[in-house]
Amino acid sequence: VSQFEREDICLFVNNVGTTEEIELYHAHDEDNIRNIINVNCAAQAFLSKYVVEKMLQRTKRSGIINLSSFAGSHYLPRIALYSASKAFNDYLSVGMSEEYKDRIDILSYRPMYVVSNLSRRKKTSFDTLSAQQAVRSCLRDLGSYRITLGH
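Values in this document were obtained by computation on a predicted structure and should not be read as measured data.

Q: Which residues make up the state of the cysteines, and what are the values?
A: The final tally for this structure, using the stated rule, is 0 disulfides. Of all cysteine sulfurs in the structure, the one in Cys-138 sits closest to Cys-41, which takes part in no disulfide; the separation is 19 Å. Left without a disulfide partner, Cys-138 is nearest to the cysteine sulfur of Cys-10, which lies 15 Å away.

In structure tokens:
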């Protein structure tokens, strides 16, 4: 965070996430649970607080895009903890969007899948976006919506 102290942050994209596909929830070890919560929830909460404080110092409108997931609004088997963490991302984003609506556009981005190492998807399809498609849809919807699936 200290490396951004002197920067004027006008757009912040919080694209952080981790998961582990495990057959049943009880099979998670405590370190894995802690890691998913720290990376997916705590990092977004603390970074958003810092970024909002910086953005409120600006005279111009700012924007935040927080990556959530379709999994945050629909339970998907074997990733219950990931789904819950992405629901946290979504609710935090929508709540912040209302709190700061006069100064900061905040978008909760909930795609189904994006071609990435995390999704393990290698090509686009009806439910899988390329990184370029994901970026275009976020930028298209920021300022117009609080939530988007991007598809």
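Q: Tell me what's going on with the pairing of strand β1 (residues 11–14), and back it up with residues and numbers.
A: Taking every second residue as pointing to the same face, the buried face of β1 carries Phe-12 and Asn-14, while none of Leu-11 and Val-13 on the other face is buried. In this structure, β1 lies alongside strand β2 (residues 62–67), joined through 4 bridges in parallel fashion. Each residue of the ladder has a partner; that of Asn-14, found in β2, is Asn-66. Read as a crossover between parallel neighbours, the route from β1 over helix α1 (residues 30–55) to β2 is right-handed.

Q: I'd like a rundown of the nonpolar core, residues and numbers included.
A: Ile-9, Phe-12, Tyr-50, Val-51, Val-52, Met-55, Ile-64, Met-96, Ile-104 and Ile-106 form the largest nonpolar core, which has 10 residues in total. Those elements giving two or more residues to this core turn out to be α1 and β3 (104–109). With 4 residues, the top contributor of residues to this core is α1. Sequence-distant contacts of Met-96, defined by excluding residues within four places in its chain, comprise Ser-48, Val-52, Ile-64 and Ile-106. Core analysis: the second largest hydrophobic core is formed by 7 residues, Ile-65, Leu-67, Ala-134 and Cys-138 among them.

Q: Residues and numbers for helix α3 (residues 131–141), please.
A: Those residues of α3 not exposed but buried are Ala-134, Ser-137, Cys-138 and Asp-141. In a view along the axis of α3, the buried residues occupy a sector of 100°, so they form one face of it. Exposed residues on α3 whose side chains face more than 90 degrees from its buried face are Gln-132, Arg-136 and Arg-140.

Q: Before we move on, could you go through the sheet that holds β1 and cite the residues and values that matter?
A: The strand order β1-β2-β3-β6 describes an open sheet built from 4 strands, whose pairing is parallel. The sheet terminates laterally at β1 and β6 (147–148), the two strands that pair on one side only. Sheet topology places β3 next to β6; 2 bridges connect them, and they run parallel. Within the sheet, the bridge partner assigned to Ser-108 lies in β6 and is Ile-147. Against the sheet, α3 touches β1, β2, β3 and β6, its axis set at about 140° to β3.

Q: So what's going on with α1? Which residues, and what values?
A: Spanning 26 residues, α1 covers 36 Å between terminal C-alpha atoms, matching the ideal 38 Å at 1.5 Å per step. Along its length, α1 shows its largest kink, about 40°, at Asn-38. Looking at α1, one finds that the buried residues are Asn-32, Ile-36, Asn-40, Cys-41, Gln-44, Ser-48, Tyr-50, Val-51, Val-52, Lys-54 and Met-55. Packed against the buried residues of α1 are β1, β2, α2 (80–99) and β3. Between the side-chain oxygen of the N-cap and the backbone nitrogen of Asp-31 there are 3.1 Å, and the N-cap of α1 in question is Asp-29.

Q: Before we move on, could you go through the packing of α1 against α2 and cite the residues and values that matter?
A: Between α1 and α2, whose axes approach to 9 Å, the crossing angle comes to 10°. Accordingly, the angle class assigned to the pair α1 and α2 is roughly parallel. In contact with Ile-33, Ile-36, Ile-37, Asn-40, Cys-41, Gln-44, Ala-45, Ser-48 and Val-52 of α1, α2 contributes Leu-81, Tyr-82, Ser-85, Lys-86, Phe-88, Asn-89, Leu-92, Ser-93 and Met-96. Looking at the contact of α1 with α2 residue by residue, the classes come out as 11 nonpolar, 6 polar and 1 charged.

What counts, and where the lines are drawn
Residues numbered from 1 in each chain as written. Predicted model: local features only at pLDDT ≥ 70, side-chain atom pairs only at ≥ 80, totals over all residues. Heavy atoms only, no water. Disulfide = S-S within 2.5 Å. Buried < 20%, exposed > 50% of the residue type's maximum accessible area, 1.4 Å probe, protein only. Helix = DSSP H or I, 4+ residues; strand = E, 2+ residues; numbered from the N terminus. Pairing = 2+ DSSP bridges. Right-handed = clockwise from strand over helix to strand, strands pointing away. Core = buried A, V, L, I, M, F, W, Y, C linked by side-chain atoms within 4.5 Å. Contact = heavy atoms within 4.5 Å. Arc of directions from axis to C-beta. Axes fitted to C-alpha atoms, helices over the stretch in contact; angles between N-to-C directions. Expected span 1.5 Å × (residues − 1). Bend = angle between axes of the 7 residues up to and from the residue. Polar contact = N/O pair within 3.5 Å; in protein donor to acceptor, adjacent residues only side chain to side chain. Parallel < 35°, antiparallel > 145°, perpendicular 65-115°, else oblique. Nonpolar A, V, L, I, M, F, W, Y, C, P; charged D, E, K, R; others polar.

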